[in-house]
Amino acid sequence: MKETAAQFEIPGQFAEAIPYGSGHIHATYLLRFEDSTQSARYILQRINTQVFQNPEALMDNVSRVCTHLRQSLERERVRDPERRHLRLVKTTEGRTHWVGPEAGHWRCFHFLEGTRSLDQVDTEHQAHETARAFGSFAARLADLEGPPLSVTIPDFHNLELRYAALEAAIRSDSHGRAKSLAAEINQTAGWHERLTSAIHAEGAADLPIRIVHNDCKINNVLLDAETGEGLCAIDLDTVMGGTVLADFGELMRTSSSRSAEDEAGVAEMAIELDLVRGVARGYLTDMAARLTPQEGNALPLAGSLMAFENAVRFLTDHLSGDVYFRIQREAQNLDRARAQLRRVELLDANRDAIRKIIESAQLEFQPPNGP
Ligand code: ADP
Ligand code: GN1
Ligand code: MG
């Protein structure tokens, strides 16, 4: 790790590198450097190139997004700009990342001090600040100049392809797990049918493409450790063209329930309307004025769709022998899938209440003459 860290333009001496965070994709390390008077921390990541097969294009996107956010924050003289966007540390050769032995692609960010990320939400304020940070992020990127961002994962939120991948995993049943999963597989098929009709009924099939984050889960935002203010959207690898459903839906999926993503006690799981209000008001603070009426109408469905998409992906990965999402224990992807199926059910059952909350947040944040 010391040799890898030495490839980056970091002053002082290497002190330590320890595994960090609970992301499912990259290998992340907290790096500490020190000199005689002070010590500074960094995030060092080995990019998962199974998942991101074009790391050059990926890092070009990330670097453009970081630069644009910095310029936007500086132009508006926002307080504390350094903690409101990710900052890459360049390599000693002035590059965005370093390609090491065995084609390991490494990158380094300044550690945002005095912040924390949560794996699950507890208060309405946390839900609000998480969603507000992601809404502000999307609003700032609306005027990104230059060519479109590269597609870092093709068809990332293509539900039909995700579902087809599940069906293929069931057919090949490479780890002999399908037989014991008949209940989950049937449930998934049922939701696939219902949600496919809902997408058409709610006009959610052909929403405008805008730059979105595409992975707005709760632990991809850094909150101020003391005040809880939502400071910085992180994990920028999937920032590219997409629909508002991906971002708003992922926020609803991860921040509308006081339970873990892999919660085993699904019977007690609940959707809490105070958290739903936090998400809706937070996200719409900066985005209400930008959304078309068609996008606004589709928002109440977004949480069910993203919970379903994640259920399908976790179940596929469990059937395939856990090759995509990192796990800390046996059958964790199955627990994740079951918990997401329960969220689909709860979000769907609460759709009318969720719609009312969203409509009231839209009124609160829309300019008087509409978007
Ligand atoms: P993954 O794609 O594997 O989820 P992330 O980029 O989300 O990787 O990073 C994993 C975790 O590391 C985050 O959830 C967050 O807790 C922490 N983290 C990442 N970047 C920073 C940073 N610049 N400052 C502080 N913490 C960070
Ligand atoms: C992954 O990278 P991370 O842990 O923030 C995944 C998301 C899933 C999420 C489920 C690139 O997010 O799409 O929704 O796990 N990221 C990628 O927790 O596949
Ligand atoms: Mg992450």
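One structure accompanies this document, and this report is about it. (Residues numbered from 1 in each chain as written. Chains lettered and ligands numbered in written order. Predicted model: local features only at pLDDT ≥ 70, side-chain atom pairs only at ≥ 80, totals over all residues. Heavy atoms only, no water.)

The next thing to look at is the overall build of the chain. Check the secondary structure of the chain and you find 10 helices and 10 strands. In terms of overall size, the chain behaves like a compact globule, its C-alpha atoms giving a radius of gyration of 21 Å where 371 residues would be expected to give roughly 21 Å. Within the structure as shown, the chain displays about 16500 Å² of accessible surface, and the carbon and sulfur contribution to it stands at 49%. (Helix = DSSP H or I, 4+ residues; strand = E, 2+ residues; numbered from the N terminus. Rg over C-alpha atoms; globule rule 2.2 N^0.38 Å. Areas by Shrake-Rupley, 256 points an atom, 1.4 Å probe, with all protein chains shown as cover.)

An order of β1-β2-β3-β5-β4 is seen for the 5 strands of this open sheet, with the pairing classed as antiparallel. Where the open sheet ends on each side, the last strands, each with one partner, are β1 (13-19) and β4 (98-99). Relative to strand β3 (residues 39-46), strand β2 (residues 27-34) is paired through 8 bridges, and the arrangement is antiparallel. By the bridge assignment for β3, Phe33 is matched with Ala40. Lying on the sheet, helix α2 (residues 55-75) is in contact with β4 and β5 (105-110); it crosses β5 at an angle near 15°. (Pairing = 2+ DSSP bridges. Contact = heavy atoms within 4.5 Å. Axes fitted to C-alpha atoms, helices over the stretch in contact; angles between N-to-C directions.)

Bringing the packing of helix α8 (residues 293-319) against helix α9 (residues 332-349) into the picture now. At a minimum axis separation of 8 Å, α8 and α9 run at an interaxial angle of 160°. Relative to α9, α8 is oriented roughly antiparallel. Note that α8 runs across α9; the crossing there is left-handed. Across the interface between the two elements, Gly303, Ser304, Ala307, Phe308, Asn310, Ala311, Phe314, Leu315, Asp317 and His318 of α8 pack against Asn333, Leu334, Arg336, Ala337, Gln340, Leu341, Arg343, Val344, Leu347 and Asp348 of α9. Per-class residue counts for the contact of α8 with α9 are 10 nonpolar, 6 polar and 4 charged. (Parallel < 35°, antiparallel > 145°, perpendicular 65-115°, else oblique. Left-handed = near helix turned anticlockwise from the far one by under 90°. Nonpolar A, V, L, I, M, F, W, Y, C, P; charged D, E, K, R; others polar.)

What follows is about helix α10 (residues 351-365). If you check α10, its first and last C-alpha atoms are 21 Å apart, about what 15 residues at 1.5 Å a residue would give, namely 21 Å. For α10, the complete set of buried residues consists of Arg351, Ile354, Ile357, Ile358, Ala361 and Gln362. Angularly, the buried residues of α10 cover 140° about the axis, an arc narrow enough to put them on a single face. Opposite the buried face of α10, at more than 90 degrees from it, the exposed residues are Asp352, Lys356 and Leu363. Looking at the buried side of α10, the elements it contacts are α5 (182-201), α6 (244-255), α7 (273-287), α8 and α9. (Expected span 1.5 Å × (residues − 1). Buried < 20%, exposed > 50% of the residue type's maximum accessible area, 1.4 Å probe, protein only. Arc of directions from axis to C-beta.)

Angles at a metal have ideal values that depend on geometry: 109.5 degrees with four tetrahedral donors, 90 or 180 degrees with six octahedral donors. For the magnesium ion (ligand 3), the full set of protein donor atoms is Asn220 (OD1) and Asp235 (OD), at a range of 2.2 Å. In this pair, Asn220 sits in the loop between β7 (210-212) and β8 (221-224) while Asp235 sits in the loop between β9 (230-233) and β10 (240-242), placing the two residues 15 residues apart along the sequence. Owing to a relative accessible area of 26%, Asp235 belongs among the partly exposed residues under this scheme. (Donors = N, O, S within 2.8 Å, 3.2 Å for Na, K, Ca; no water.)

This brings us to the sheet that holds β9. Taken in spatial order, the 3 strands of this open sheet run β6-β8-β9, and their pairing is antiparallel. Strands with a single pairing partner mark the edges of an open sheet, and in this sheet they are β6 (115-116) and β9. In the sheet, β6 pairs with β8 via 2 bridges, with the strands oriented antiparallel. Bridge assignment links Thr115 to a residue of β8, and that residue is Asp224.

Around ligand 1, a shell composed of 18 residues is seen, among which His26, Gln45, Ser117, Asn219 and Asp235 lie nearest. Contacts to ligand 1 include Ser117, whose side-chain N or O atom sits 2.8 Å from an oxygen atom. In the model, an oxygen atom of ligand 1 is placed 2.9 Å from a nitrogen or oxygen of the Asn219 main chain. With the chains in place, 96% of the 560 Å² that ligand 1 exposes on its own is no longer accessible. (Near = heavy atom within 4 Å. Polar contact = N/O pair within 3.5 Å; in protein donor to acceptor, adjacent residues only side chain to side chain.)

Turning next to unusual backbone geometry. Phi angles above zero are rare outside glycine, and Asp155 is one such case at about 55°. Here Asp155 shows up in the loop between α3 (124-141) and α4 (159-172). The backbone of Asp235 sits at a positive phi, close to 55°, despite the residue not being glycine.

We now examine the nonpolar core. The biggest cluster of nonpolar side chains holds 95 residues, and the ones touching the most others in it are Phe248 and Tyr283. At 12 residues, the largest contribution of residues to this core is made by α8. Both domains that furnish three or more residues to this core are identified here as domain 1 (2-112) and domain 2 (124-365). Non-local contacts of Phe248, meaning those with residues more than four positions away in its chain, are made with Val279, Ala280, Tyr283, Leu299, Ala302 and Ile358. (Core = buried A, V, L, I, M, F, W, Y, C linked by side-chain atoms within 4.5 Å. Domains from an automatic or database assignment.)

Of note, Cys108 is situated in strand β5. Assessed through its relative accessible area of 0%, Cys108 is described here as buried. Through-space distance from the C-alpha of Cys108 to that of Thr4 is 10.0 Å; in sequence the pair is 104 residues apart. Leave out the neighbours within four places in its chain, and Cys108 touches Phe8, Ile10, Leu31, Tyr42, Ile43, Leu44, Arg87, Leu88 and Val89.

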